[in-house]
Amino acid sequence: MLKNDLFLRALKGETVERPPVWMMRQAGRYLPEFRALRDKYDFFTRCETPELAAEITVQPIRIVKPDAAILFSDILVVPRAMGIHVELKDNLGPIIPNPIRTSQDVEKVFVPDVNETLGYVFDAIKLTKEMLDNEVPLIGFAGSPWTIFCYAVEGKGSKSFDTAKGFCFSNPVAAHILLQKITDTTILYLKEKVKAGCNAIQIFDSWGGMLSPVDYQEFSWQYINQIVEALAEETEVIVFGKGCWFALNDMAKSKASALGVDWTCSPRNARYLTGGNITLQGNFDPSRLLSPIPTIKKMVHEMIDEFGKDKYIVNLGHGILPNIPVDHAKAFVEAVKEYKK
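Residues numbered from 1 in each chain as written. Predicted model: local features only at pLDDT ≥ 70, side-chain atom pairs only at ≥ 80, totals over all residues. Heavy atoms only, no water.

Named according to an unreviewed UniProt entry, the chain is Uroporphyrinogen decarboxylase originating from Flavobacterium tibetense. Of the chain, the UniProt comment under Function (unreviewed entry) reads exactly: "Catalyzes the decarboxylation of four acetate groups of uroporphyrinogen-III to yield coproporphyrinogen-III." (UniProt positions renumbered as here; feature names shortened; annotations may be inferred.)

Pasting the structure below:
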């Protein structure tokens, strides 16, 4: 039995004494302990070595003490498993030396045996669960098919992903074949993550906001929804689409247990757009953690008042930034734990 199941109770929409709190990228570069391991091992070595991934996952639980852990990994382990070569250099972001640009390139991409190609992730989950010793739940995650597609076609990060969008619009048949392959792989991958011990799953649609509402339905949401449908019977699923406020209404009608919201959408609008019945997660501006600690605590309490304490998970509106002082991250978590209505 979990000693702290607040996060899972909020996901299920139960009445809670206070909302749970965790932070996207909480196992990250703002922690000196994380940087010490980063300086010794390259990125994919950390992802692919279960002992390192597990240690990095539990670091913030010891130091910042949130109500949930999220497995240290990367969304790009999925395309790597599908035969797409990915390089990840610290501070440079992901590089795909041979991006997918033609129907022939799409044909070469395969749906792998996830136990063969991603077994190290499942081993890391089992080890992390041992180390957590039922303290808090463990979240597993994956990128949305559209977000993975963006990197695979663009070949690197981008402000607008024009090449990826152009491929969708000029060669929609090939684009949909690739998106479906990514979706099929992601479903297999996430089901195994749940089997290995994850208590909930989050889908990150980091680049969904690049699409118009109509194109979002065709190239992103329909594929995310396939994943939600496939997993809903087995676990709680959180969908986080950055810049996707326009899709919240459709998302709220799905089998997702919770929806992530970024800081550009007010709590009031998020509740209105989602019909007020689904659990919401977010949406503190990560840069706001550079404010003085008393300001952070005051703003967190105001944010909880605006969202309401029930059907709500306190989080940032995107990942924590590397330059945030650890004390400020701790203050964010403490502010939630101190909340009294």
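Moving on from the model shown.
Engineer: Describe the pattern of salt bridges, listing the residues and the values that go with them.
Structural biologist: Taken as a whole and judged by the stated rule, the model has 16 salt bridges. Notably, a salt bridge pairs Asp-5 with Arg-9, separated by 3.5 Å at the nearest N-O pair. Across the pair Arg-18 and Asp-67 runs a salt bridge, and its minimum N-O distance is 2.8 Å. With Arg-18 in the loop between helix H1 (6-11) and helix H2 (32-40) and Asp-67 in the loop between helix H4 (50-63) and strand S1 (69-70), this residue pair connects regions lying 49 residues apart in the sequence. Comparing Arg-18 with Asp-67, the two get one shared label, buried. By sharing partners, the salt bridges in this structure join Asp-5, Arg-9, Glu-14 and Glu-17 into a single network. (Salt bridge = Lys/Arg side-chain N within 4 Å of Asp/Glu carboxyl O. Helix = DSSP H or I, 4+ residues; strand = E, 2+ residues; numbered from the N terminus. Buried < 20%, exposed > 50% of the residue type's maximum accessible area, 1.4 Å probe, protein only.)

Engineer: So what's going on with the UniProt feature "binding site: substrate" (unreviewed entry) in the chain? Residues and values would help.
Structural biologist: The positions that UniProt labels "binding site: substrate" (unreviewed entry) are, in the present scheme, Arg-25, Gln-26, Ala-27, Gly-28, Arg-29, Phe-44, Asp-74, Tyr-151, Ser-206 and His-318. Judged by maximum C-alpha separation, these annotated positions cover 294 residues in sequence and are scattered in space, the widest gap reaching 23.0 Å. Among the annotated residues just listed, those lining the largest pocket are Arg-25, Ala-27, Gly-28, Arg-29, Asp-74, Tyr-151, Ser-206 and His-318. Within the secondary structure layout, Asp-74 lies in the loop between S1 and helix H5 (77-81). Discounting residues that sit within four places of it in the chain, Asp-74 has contacts with Phe-43, Cys-47, Leu-88 and Phe-141. In this structure the side chain of Asp-74 is engaged in a polar contact, spanning 2.8 Å, whose partner is the backbone nitrogen of Leu-76. Among the secondary structure elements, Ser-206 is positioned in the loop between strand S5 (200-205) and helix H12 (213-231). (1 Å grid on protein atoms, 1.4 Å probe; cavity = no way out; pocket = protein on both sides within 12 Å on 5 of 7 lines; lining within 4 Å. Contact = heavy atoms within 4.5 Å. Polar contact = N/O pair within 3.5 Å; in protein donor to acceptor, adjacent residues only side chain to side chain.)

Engineer: Please give an account of unusual backbone geometry that cites residues and values.
Structural biologist: Here Gly-282 and Asn-283 are connected by a cis peptide whose omega angle stands at -15 degrees. By secondary structure assignment, the location of Asn-283 is in strand S8 (residues 279-284). The backbone phi angle of Lys-311 is positive, close to 50 degrees, even though this residue is not glycine. With respect to the secondary-structure elements, Lys-311 resides in the loop between helix H15 (293-307) and strand S9 (312-316). Judged by its relative accessible area of 26%, Lys-311 falls in the partly exposed class.

Engineer: Could you give an account of the side chain of Thr-274, naming the residues involved and the relevant values?
Structural biologist: Structurally, the position occupied by Thr-274 is in helix H14 (residues 267-274). Assessed through its relative accessible area of 7%, Thr-274 is described here as buried. Engagement of the side chain of Thr-274 in a polar contact is seen with the backbone oxygen of Ala-270, the distance being 2.7 Å. Within the local environment of Thr-274, its side chain forms a polar contact with the backbone oxygen of Arg-271, the two atoms lying 3.3 Å apart. With sequence-adjacent residues up to four places away left out, Thr-274 is seen in contact with Leu-248, Ala-252, Leu-259 and Leu-280.

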